[in-house]
Amino acid sequence: MEHHRIDSNITRTDQYAAQPGHAVRDDELPKNDEDGEETVLHATRMTLGLLTQRIGQITDQIQDLEGRLARLVERHAPQLLNVVGIGPDTAVTLLITMEANSERLGSEASFAALCEVSPVERSSGSRQYRRLNRGGDRQGNAALHRIVQTRLCFDPRTQDYYERRTKEGKTRREIVRCLKRYAAREVFHLVRAVQACSSS
């Protein structure tokens, strides 16, 4: 009997907690609490109801912000959204990077250096090697990294390139480095083309 009463109370409270935006009120709790188990169970339901409500609010805020970002990109550089791997948040990050450092961006190579994807020649005795420039914009670098990771998952051309370079003996790190450099080149020329049209 005790087990049946607890199950019945849980079911009744579940119906309230499952409703979006509904938090269980104190007057919805059962009155019987012989061993404290029911109190713990219903407190858990109340917490889950509040979390459900908060998750819904945050989801709505995220969708609103994504819509605002998409409209900004469509207004200033809509061509970026047609590129595989570039969403509104990544596009905005790259546009901010380019605008904030416009005086440094005289060429595609300078943009690659700004985003920390340009190789720097180094030597150690008789050994020559390359490492990436680490004196640039970390947000821009992260945006390029997101582009590459998305393409590796969904873009057949990028996947074919990865397989080919892997067979040539390149490591994943080396291949990603090359792909980020290609992505920087593509973004630079897309944005510069629009800026040139706007200024003319």
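Residues numbered from 1 in each chain as written. Predicted model: local features only at pLDDT ≥ 70, side-chain atom pairs only at ≥ 80, totals over all residues. Heavy atoms only, no water.

Draft legend 1. Representation of the overall build of the chain in the model. Each helix and strand counted, the chain has seven helices and two strands in total. Along the chain, helices and strands appear, N-terminal first, in the series α-α-α-α-β-β-α-α-α. Within the chain, the fraction of its 200 residues that count as buried is 31%. Across the chain, contacts joining residues at least 24 apart in sequence account for 51% of those joining residues at least 6 apart. Total accessible area on the chain stands at roughly 12700 Å², and carbon and sulfur atoms take up 53% of it. (Helix = DSSP H or I, 4+ residues; strand = E, 2+ residues; numbered from the N terminus. Buried < 20%, exposed > 50% of the residue type's maximum accessible area, 1.4 Å probe, protein only. Contact = heavy atoms within 4.5 Å. Areas by Shrake-Rupley, 256 points an atom, 1.4 Å probe, with all protein chains shown as cover.)

Draft legend 2. Up close: a nonpolar patch on the surface. A cluster of nonpolar side chains, L48, L51 and I55, forms an exposed patch at the surface whose accessible area comes to about 280 Å². Take L51: it is sitting in helix α2 (residues 37–76). Looking at L51, the relative accessible area reads 46%, which means it is partly exposed. (Patch = residues over 30% accessible without salt bridge, like charges linked within 9 Å, V, L, I, M, F, W, Y side chains within 5 Å. Salt bridge = Lys/Arg side-chain N within 4 Å of Asp/Glu carboxyl O.)

Draft legend 3. Structural detail: helix α5 (residues 138–154). With 17 residues, α5 should reach 24 Å at 1.5 Å per residue; the first-to-last C-alpha distance of 24 Å fits that figure. The set of residues buried in α5 consists of G140, N141, A143, L144, I147, V148, R151 and L152. If you check the start of α5, you find a side-chain oxygen 3.1 Å away from the backbone N of Q139, and it comes from D137. (Expected span 1.5 Å × (residues − 1). Polar contact = N/O pair within 3.5 Å; in protein donor to acceptor, adjacent residues only side chain to side chain.)

Draft legend 4. Geometry of the packing of helix α3 (residues 88–100) against α5. Two elements in contact, α3 and α5, have axes separated by 9 Å at closest approach and are oriented at 145°. The handedness of the crossing between α3 and α5 is left-handed. Along its contact with α3, which presents D89, T90, T93, L94 and T97, the element α5 presents Q139, G140, A143, L144, R146 and I147. Partitioned by chemical class, the residues of the contact of α3 with α5 number four nonpolar, five polar and two charged. (Axes fitted to C-alpha atoms, helices over the stretch in contact; angles between N-to-C directions. Left-handed = near helix turned anticlockwise from the far one by under 90°. Nonpolar A, V, L, I, M, F, W, Y, C, P; charged D, E, K, R; others polar.)

Draft legend 5. Expanded view of the pattern of salt bridges. Within this structure, the stated rule accounts for seven salt bridges. One salt bridge connects E116 with R138, and the closest N-O pair in it is separated by 2.2 Å. Separated by 22 residues along the polypeptide, E116 in the loop between α4 (108–114) and β1 (119–124) and R138 in helix α5 bring together distant segments of the chain. Two residues, R151 and E186, come together in a salt bridge whose shortest N-O distance is 2.8 Å. Of the two residues, R151 is situated in helix α5 and E186 in helix α7 (residues 172–199); the sequence distance between them amounts to 35 residues. Since its relative accessible area comes to 12%, R151 is described here as buried. Its relative accessible area of 32% is what places E186 among the partly exposed residues. One network of salt bridges, in which partners are shared, links E108, R181 and R185.

Draft legend 6. Main features of the packing of aromatic side chains. The tally for this structure, following the rule as stated, stands at two aromatic pairs. Where Y161 meets Y182, the ring centres are 5.8 Å apart and the plane angle is 80°; that geometry is what we call edge-to-face. Remark: Y182 occurs in helix α7 and Y161 occurs in helix α6 (residues 156–167); sequence separation between them is 21 residues. (Phe/Tyr/Trp six-rings, centres within 6.5 Å; stacked < 30°, edge-to-face > 60°.)

Draft legend 7. Expanded view of the packing of α2 against α3. One way to put it is that α2 packs onto α3 with a least axis distance of 9 Å and a crossing angle of 55°. Considering the angle they form, α2 stands oblique to α3. Judged by the twist between their axes, the crossing of α2 over α3 is left-handed. Contact residues: α2 offers E66, L69, A70 and V73, while α3 offers P88, D89, A91 and V92. (Parallel < 35°, antiparallel > 145°, perpendicular 65-115°, else oblique.)

Draft legend 8. Quick peek at the confidence of the model for the chain. Per-residue confidence for the chain averages 81 on the pLDDT scale, and 71% of its residues sit at or above 70. In the model of the chain, helix α1 (residues 2–17) stands out as the element of lowest mean pLDDT, 46, in contrast to α6, which has the highest, 96. Low pLDDT, under 50, characterises residues 1–13; the stretch is placed with 19 contacts to residues that sit more than four places away or in other chains. (pLDDT = per-residue confidence, 0-100.)

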